Amino acid sequence: MSTRPFLAFACAHMTDERLYAHQIGTLSATHDCKVFVFREQASMQDMAEHLLANTPERFTLIGLSLGGYMAFEVIRLALHRLERLVLIDTTAVADHPARRDGRLRDIATVKQGGIDALIPELPSRWLLPAHAEDSALVALIGRMARSVGAQGQFNQQTAMLARPDSHQDLERVEVPTLLICGRQDPVTPVADHEAMAACVSGSRLIVIEDCGHLSTIEQPVAVTHALGGWLESTHIPF
């Protein structure tokens, strides 16, 4: 059995393992890393139970956006399993009506035209405007979305539509907690991360400059540096 710290990476909506490629490329030298892509689970509980069934008794959970929403469910189900918590470009706020309407429109778009009907809209929604002009990033978003597929998109949206406000759940967290957010995140802004940080005593918030919602691929070096330094400073020996 490995004695190295275990990092469980939970992916964002319509993304796959490539979301964390830079971070894992660096951190796998010192940590056991596993990435979770939620294609088949249509509820936060099912996502959390899948992750919990495939992780050791104690682990560090790292979730971006949807991955963060799922992390709140892990807190509700098995807080004792968490060694450390990292929340990236996410929010503990439940969907407001306009966001729910947007999710329902996206479901309808994919139902009518397939996943490729939605992909062109994603870069401008998620990325810093300058990054939305980066052909490599735009192509990566398309490839990840296609790997999740239409059914995966439907399942993820169904799960997100049902998620509750999770600030009170965060108040129960006593393990080392890091929050990372792109300065220009248009989906889950810095203010949402400040509110989450206020719920967890001793937590740390790092804001990544010149960055939108997908910080791990928009500013991969900065995120990896921030995450790696924090993991080193909070390592709990076995």
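Here the structure is shown first, and the text comes after it.
Residues numbered from 1 in each chain as written. Predicted model: local features only at pLDDT ≥ 70, side-chain atom pairs only at ≥ 80, totals over all residues. Heavy atoms only, no water.

Going through the model one piece at a time under the given rule, you end up with 1 aromatic pair. Their ring planes at 55 degrees and their centres at 4.8 Å tell us that Phe-9 and Tyr-20 sit as a pair that is tilted. Of this pair, Phe-9 sits in strand 1 (residues 6-10) while Tyr-20 sits in the loop between strand 1 and helix 1 (21-27), and the two are 11 residues apart along the sequence. Neither residue differs from the other here; Phe-9 and Tyr-20 are each classed as buried. Over the ring of Phe-36 we find Lys-34; its NZ or CZ atom is 5.5 Å from the centre of that ring. Seen from the ring of Tyr-69, Arg-163 lies directly overhead, with NZ or CZ sitting 3.7 Å from the centre. (Phe/Tyr/Trp six-rings, centres within 6.5 Å; stacked < 30°, edge-to-face > 60°. Helix = DSSP H or I, 4+ residues; strand = E, 2+ residues; numbered from the N terminus. Buried < 20%, exposed > 50% of the residue type's maximum accessible area, 1.4 Å probe, protein only. Lys NZ or Arg CZ within 6 Å of the ring centre and 35° of its normal.)

Every buried residue of helix 8 (residues 190-199) is listed here: Val-190, Asp-192, His-193, Met-196, Ala-197 and Cys-199. Taken end-on, helix 8 shows its buried residues confined to a sector of 165 degrees, consistent with a single buried face. Buried residues belonging to helix 8 abut helix 3 (66-78), strand 4 (82-88), helix 7 (167-170), strand 5 (177-182) and strand 6 (204-208). (Arc of directions from axis to C-beta. Contact = heavy atoms within 4.5 Å.)

The subject of this paragraph is the sheet that holds strand 1. Judged by pairing direction, the sheet is parallel, and its 6 strands sit side by side in the order 2-1-3-4-5-6 without closing on themselves. Two strands close off the open sheet at either side, each with one partner strand: strand 2 (32-36) and strand 6. Across this sheet, the average inter-strand angle for adjacent strands is 15 degrees, counted without regard to direction. Bridge analysis of strand 1 against strand 3 (residues 59-64) gives 4 bridges, and the strand direction is parallel. Paired with Ala-8 across the strands is Leu-61, a residue of strand 3. (Pairing = 2+ DSSP bridges. Axes fitted to C-alpha atoms, helices over the stretch in contact; angles between N-to-C directions.)

Taking 1.5 Å as the rise per residue, helix 3 with 13 residues should run 18 Å; its terminal C-alpha atoms sit 18 Å apart, in good agreement. Burial of helix 3 is extensive: 11 of the 13 residues sit out of reach of the surface. Taken residue by residue, helix 3 has Leu-66, Gly-67, Gly-68, Tyr-69, Met-70, Ala-71, Phe-72, Glu-73, Val-74, Ile-75 and Ala-78 as its buried positions. (Expected span 1.5 Å × (residues − 1).)

As a further point, take the nonpolar core. Phe-9, Leu-19, Tyr-20, Ile-62, Leu-214 and Leu-227 are the most contacted members of the largest nonpolar core, which has 41 residues in total. Setting aside anything within four residues of it in sequence, one finds Leu-214 in contact with Leu-19, Leu-64, Trp-126, Leu-127 and Ile-141. If you look at the next biggest cluster of nonpolar residues, it comprises 35 residues, including Phe-6, Met-47, Val-175 and Ala-197. (Core = buried A, V, L, I, M, F, W, Y, C linked by side-chain atoms within 4.5 Å.)

Axis separation between helix 4 (residues 97-113) and helix 6 (residues 135-161) bottoms out at 10 Å; the angle between their running directions is 165 degrees. As judged from the angle between their axes, helix 4 and helix 6 are roughly antiparallel. The interaxial crossing formed by helix 4 with helix 6 has left-handed handedness. Contact with helix 4, carried on its side by Arg-100, Arg-103, Leu-104, Asp-106, Ile-107 and Val-110, involves Ala-150, Gln-153, Phe-154, Gln-157, Met-160 and Leu-161 of helix 6 and no other residues of that element. The residue inventory of the contact of helix 4 with helix 6, partitioned by class, reads 7 nonpolar, 2 polar and 3 charged. (Parallel < 35°, antiparallel > 145°, perpendicular 65-115°, else oblique. Left-handed = near helix turned anticlockwise from the far one by under 90°. Nonpolar A, V, L, I, M, F, W, Y, C, P; charged D, E, K, R; others polar.)

In this structure, Met-14 is a non-glycine residue whose phi angle is positive, near 60 degrees. As for its position among the elements, Met-14 is in the loop between strand 1 and helix 1. Overall, Met-14 belongs to the buried group, its relative accessible area being 1%. Positive phi is not limited to glycine here, since Asp-89 has a value of about 45 degrees. Positionally, Asp-89 belongs in the loop between strand 4 and helix 4.

For His-167, the location among the structural elements is in helix 7. For His-167, a relative accessible area of 17% corresponds to the buried category. Excluding residues that lie within four positions of it along the chain, His-167 makes contacts with Ala-92, Val-93, Ala-195, Met-196 and Cys-199.

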